[in-house]
Amino acid sequence: MTNSPKRISPNQLRSARWFAPDDLRSFGHRSRMMQLGYGDEDYVDRPIIGILNTWSEMNTCHSHFRERAQDVKRGIAMAGGLGLEMPALSVDESYIKPTSMLLRNLLAMETEEQIRSHPLDGVVLMGGCDKTTPALLMGAISAGVPFIFLPAGPMLRGHFQGQILGSGSDAWKFWDERRAGNINDEQWQGLQGGIARSAGTCMTMGTASTMTAIAEALGLTLPGASSIPAPDSAHQRMSADCGRRIVEMVWTQQTPDQIITEAAVENATAVALATGCSTNAAVHLLAIARRAKINLTLEDIDARGMHTPLLANIRPSGTTYLMEDFYLAGGLRALMKNLSGALNLECMTVNGRTVGENIADAQVFNDDVIRSIDNPLYENGSIAVLKGNLCPDGAVMKPAACDPKFHQHEGPALVFDSYAEMKAAVDDESLQVTPDHVMILRNAGPQGGPGFPEWGMLPIPTVLVKQGVRDMLRISDARMSGTSYGACILHVAPEAFVGGNLALVRTGDLIRVDVEKRRLDVLISEAELAERRAQWLPPKPRYERGYGWLFQRHVAQANEGCDFDFLTDSFGESAGEPDIF
């Protein structure tokens, strides 16, 4: 068991700086607390806990967060603290255009400044929808106060006419069938209603479940929290437990720098790969690690993947099951127990125990859902990082989520400069294309998208869909949804919009991919590339004012995590505690 940590006294609470001195400054602060209905006995000498809630009526993943915030408050009150709910930008995946990724760094900035500027001793971060998890973690890491992450949890599995439906993955599959003329309007309407049946995030191993699993593997959630379905009563109890635990974390000053170590990041990388993670794990994990002053690289992720088997049989990398099945099979604790030989079990977590202590009694209740090391779904982890003259700084792929025949492939390029151009072409049944073609979408990266949208799972041309083709090699500087699948190579860096070599490819050029050798190349000479580069003209910036202008001037490339340059530790030290006068 871990040793009992030293505790601070009430006058050492961070919030005491706002309320403890007997002067005009504290008069104003105490007066406003009274205006809110709180007396001295409610908050003096008690930890004040901020509940950063990303609830919104437009965010279906978080539609239960109003109620869960009350559960958190209940836990905080029982532990002797005062919980104050604070709204935070609700970066929802479904409705924000052109992409929610455009706002990840904005939520990270808001989180950091909300925490730093208010009299908060600790924070419960309520997130789950794709970008909310990395954003909240990035901001809270930079703020440096004790925090605990409360994951939204996956929705219930979908159903339609006796079939089990998975978020995103089945939307793509059945859309192809509709385009082929195999699904009528009534069936399509039924699918829309059946695929999303409750509050919660996508119930496939998409970006949301990937990132909450990473948060748990980093030690930033309570053990098992990331696997609990949103509507399950266990989720309410976990929320209250978060409230109780954060109060104790304040008294013992368990800050993020004690938890997010290099070993913890290695654990999170291994666990993500073993879950069949979203390709978006790469860009977000890079950004989170670097906020904690850990210089994780794409090469580190790829090297780890070479030796990390895929153990979670969860779609889309898996073949059958969904997150509800994963929870009932034992959840992330059980997967980590199976993977324990590859983990650092001494890493500390937010409950004050080590990883090893947290998974000691974990059990697998269905070994087809959570595989053993001896019976993996795929021998090597779920992400491969490719290099070559088409992507000098890297590109990512999910080899387990596509037909193995595409692991080695050579074919002619079919190039599109925008999504609109590509969509018009794939809907044109006279398009001259074969299954061996390599579709390329460019100008869809961090600056080109703008914002790095999830456009990378390019739709198969209709003419091929009607021939029965359901996969082909596709390359883009965009991202794709974690619920997507297929032979998609993504995050090409540098992106085309800033002059990366993807900008120089022409329709008809031969493209060669070799996953085993980790190569992605266009088969033209360096001299030809240089000649084309001399002819290339940079496109007009996407924004001339506002937040978008700020984004395009300061966002890093995919291989560096897409954080803003001025938010990284290499740019400068974080601001200290605010002056209070």
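For the structure itself, look to the data block above.
How each quantity is defined
- Residues numbered from 1 in each chain as written.
- Predicted model: local features only at pLDDT ≥ 70, side-chain atom pairs only at ≥ 80, totals over all residues.
- Heavy atoms only, no water.
- Buried < 20%, exposed > 50% of the residue type's maximum accessible area, 1.4 Å probe, protein only.
- Helix = DSSP H or I, 4+ residues; strand = E, 2+ residues; numbered from the N terminus.
- Pairing = 2+ DSSP bridges.
- Right-handed = clockwise from strand over helix to strand, strands pointing away.
- Polar contact = N/O pair within 3.5 Å; in protein donor to acceptor, adjacent residues only side chain to side chain.
- Contact = heavy atoms within 4.5 Å.
- Core = buried A, V, L, I, M, F, W, Y, C linked by side-chain atoms within 4.5 Å.
- Salt bridge = Lys/Arg side-chain N within 4 Å of Asp/Glu carboxyl O.
- Disulfide = S-S within 2.5 Å.
- Axes fitted to C-alpha atoms, helices over the stretch in contact; angles between N-to-C directions.
- Parallel < 35°, antiparallel > 145°, perpendicular 65-115°, else oblique.
- Left-handed = near helix turned anticlockwise from the far one by under 90°.
- Nonpolar A, V, L, I, M, F, W, Y, C, P; charged D, E, K, R; others polar.

**Student:** Is there a simple way to think about the pairing of strand S1 (residues 48-53) in this case?
**Tutor:** In the case of a regular strand, side chains alternate between the two sheet surfaces. By the criterion of burial, S1 is predominantly enclosed, with six of the six residues buried. Covered by surrounding structure in S1 are Ile48, Gly50 and Leu52 together with Ile49, Ile51 and Asn53, the residues of both alternating faces. Pairing of S1 with strand S2 (residues 82-87), which is carried by six bridges, proceeds in the parallel orientation. Paired with Ile49 across the strands is Gly83, a residue of S2. Remark: the S1/helix H4 (residues 65-78)/S2 crossover connection has right-handed handedness. As paired elements, S1 and strand S3 (residues 122-127) share five bridges and run parallel to each other. Pairing of Leu52 across the sheet is with Leu125, part of S3.

**Student:** Quick question: what am I supposed to make of the side chain of Arg474 here?
**Tutor:** Mapped onto the elements of the fold, Arg474 is located in strand S11 (residues 474-476). Looking at Arg474, its side chain comes within polar contact range of the side chain of Asp471, at 2.6 Å. In contact with Arg474, not counting residues within four places along its chain, are Met439, Gly456, Met457, Leu458, Ile460, Tyr485, Gly486, Ala487, Cys488 and Ile489.

**Student:** In this structure, what is going on with helix H7 (residues 169-179)? I would like to understand it.
**Tutor:** Within the sequence span of H7, burial applies to Ser169, Asp170, Phe174, Asp176 and Arg179. For H7, the secondary structure elements touched by its buried residues are strand S6 (163-165), helix H8 (185-194), helix H17 (419-426) and helix H18 (462-465). One or two residues past the end of H7 sits Gly181, with phi positive at roughly 85°.

**Student:** What am I meant to see in the nonpolar core here?
**Tutor:** Here is a general trend for soluble globular proteins: nonpolar side chains tend to be buried in one another's company. Leu125, Leu218, Phe326 and Leu335 are the most contacted members of the largest nonpolar core, which has 115 residues in total. By residue number, the principal contributor to this core is helix H11 (residues 262-275), which donates nine residues. If sequence neighbours within four positions are ignored, Leu125 has contacts with Leu52, Thr111, Leu136, Leu137, Ala140, Phe147, Ile148, Phe149 and Leu150.

**Student:** Which parts of the structure should I look at to understand the side chain of Asp176?
**Tutor:** Relative to the elements of secondary structure, Asp176 occurs in helix H7. Judged by relative accessible area, Asp176 falls into the buried class, the value being 9%. Filtering out sequence-adjacent residues up to four positions away, Asp176 remains in contact with Val465 and Arg470.

**Student:** I tried to follow the environment of Gly305 on my own but got confused; where do I start?
**Tutor:** Tracing the chain through its elements places Gly305 in helix H13 (residues 298-305). Expressed as a C-alpha distance, the spacing of Gly305 and Ile383, which sit 78 residues apart in the sequence, is 6.6 Å.

**Student:** How should I be thinking about the pattern of salt bridges in this particular structure?
**Tutor:** Pairs can form between side chains of opposite charge whenever their charged atoms are close. Per the stated rule, a full pass over the model turns up 36 salt bridges. Across the pair Asp40 and Arg30 runs a salt bridge, and its minimum N-O distance is 3.4 Å. With a gap of 10 residues between them, Asp40 in helix H3 (residues 40-43) and Arg30 in helix H2 (residues 24-35) connect regions that are remote in the sequence. For Asp40, a relative accessible area of 39% corresponds to the partly exposed category. With its nearest N and O atoms 2.5 Å apart, the salt bridge here joins Arg442 to Asp417.

**Student:** Is there a simple way to think about the environment of Tyr38 in this case?
**Tutor:** Inspection of the secondary structure assignment puts Tyr38 in the loop between H2 and H3. Along the primary structure Tyr38 and Leu107 are separated by 69 residues, whereas in three dimensions their C-alpha atoms are 29 Å apart. Sequence-distant contacts of Tyr38, that is, excluding residues within four places in its chain, are made with Met33, Tyr43, Leu82 and Leu84.

**Student:** Teacher, can you tell me more about the state of the cysteines here?
**Tutor:** One covalent bond between the sulfur atoms of two cysteine residues makes up a disulfide. Taken as a whole, this structure holds zero disulfides when the rule is applied. Its sulfur unpaired, Cys202 is 5.9 Å from the next cysteine sulfur, which belongs to Cys61. Cys391 takes part in no disulfide bond, and the closest cysteine sulfur, belonging to Cys488, lies 15 Å away.

**Student:** Help me out: how do you make sense of the packing of H11 against H13 in this one?
**Tutor:** Working note: a packed helix pair is described by the angle between its axes plus the distance between those axes. Here H11 crosses H13 at 55°, and the two axes come no closer than 10 Å. Of the possible angle classes, the one that applies to H11 and H13 is oblique. Relative to H13, H11 is oriented so that their crossing is right-handed. Contacts between H11 and H13 involve Glu266, Thr269, Ala270 and Leu273 on the former and, on the latter, Ile301, Arg304 and Gly305. Per-class residue counts for the contact of H11 with H13 are three nonpolar, two polar and two charged.

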